[in-house]
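# Descriptive structure summary
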Amino acid sequence: MSGRDLNKMAAPVDKQGPTSGCRGRPQSPMLADFKVGVDNVIFSVDTAQNRLLVLLVMRQDEPFLGQWSLPGTLVRQGESLEDAAYRILAEKIRVQNLYLEQLYTFGGPGRDPRESPESFGVRYLSVSYFALVRFEEAELIAGGVAGIAWYPLEQVPQLAFDHNQILEYGYGRLRNKLEYSPVAFEVLPEVFTLSDLYQVYTTVLGGDFSDYSNFRTRLLKLGFLKDTGVKVSRGAGRPAALYQFDAGAFARVKDKPLVFV
């Protein structure tokens, strides 16, 4: 059968476009095609200089070539979102202890310049995570990337994509976690003074959130700080007691509405 014969046998085409099969029904909207990325907001508390830091990388590709951004990646075939978040962490930083949780999904149309008509309607979602690491033990991995640095939160420049918005959302989550969870102990050594703990809170929340005396009284009343019986001398003041976070004691009260500060 010739090609001309095949054309004659082809079904007629409705010039009004595809329908649901019933005359008069509106055409169904075209479904979006998504690519999924993971962007990490990695915070660290520099207690030596009383600074809250966030890890930024300089983009090596378009779009936004040469501009600072949050560390991110597209999710690979067969890879979970959490595995992608840990992968990008492992590519940028070496650290033994960290706290990581999913933050939010950013998927507004037009958030990525690659969402052009030429890309056939592909949309780019960002499933963001926020992490907290100990600054003293965190080692940055440069590799082939020219730009990777800790930035004080108040000095963060204009970032690529909508990463300033993601960072702002992550900072809000961190502040809330400090008030209602023991996340602060993730950035402290195994034993610490109450002054060390107070410094973490003041670095993140600001020095006017609570005076030290009220802070100390409230934390000790919660009952999950264990006095090690050891004291340490720092400077000319009185020796300070060293404490440990008692995870077992916290487990007994974790479902209660706690306010740490």
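Everything here concerns the structure above.
Residues numbered from 1 in each chain as written. Predicted model: local features only at pLDDT ≥ 70, side-chain atom pairs only at ≥ 80, totals over all residues. Heavy atoms only, no water.

Within the element layout of this structure, Thr202 appears in helix α4 (residues 194–205). Excluding residues within four positions of it along the chain, Thr202 makes contact with Asn50, Gly207 and Phe209. (Helix = DSSP H or I, 4+ residues; strand = E, 2+ residues; numbered from the N terminus. Contact = heavy atoms within 4.5 Å.)

Turning next to the environment of Gly229. In this structure, Gly229 sits in strand β10 (residues 225–232). Gly229 sits in the exposed class, given a relative accessible area of 66%. In this structure, the C-alpha to C-alpha distance between Gly229 and Ala241, residues 12 residues apart in sequence, is 6.9 Å. (Buried < 20%, exposed > 50% of the residue type's maximum accessible area, 1.4 Å probe, protein only.)

Counting across every chain of the model gives 19 aromatic pairs. Ring plane angle 85 degrees and centroid distance 6.4 Å describe the contact between Phe185 and Phe224, whose orientation is recorded as edge-to-face. Here Phe185, found in the loop between α3 (163–180) and α4, pairs with Phe224, found in the loop between α5 (212–222) and β10; they are 39 residues apart in sequence, far enough to count as distant. Of the two residues, Phe185 and Phe224, both sit in the buried class. Joined through ring pairs, the aromatic side chains of Phe185, Phe192, Phe224, Phe245 and Phe250 make up one cluster. (Phe/Tyr/Trp six-rings, centres within 6.5 Å; stacked < 30°, edge-to-face > 60°.)

Here we come to the pattern of salt bridges. Scanning the model with the defined rule gives nine salt bridges in all. Residue Glu137 pairs with Arg134 through a salt bridge whose shortest N-O separation is 3.9 Å. What makes Glu137 partly exposed here is its relative accessible area of 29%. Taking relative accessible area as the criterion, Arg134 reaches 18% and is therefore assigned buried. Taken together, the shared-partner salt bridges connect Glu79, Arg87 and Glu91 into one network. (Salt bridge = Lys/Arg side-chain N within 4 Å of Asp/Glu carboxyl O.)

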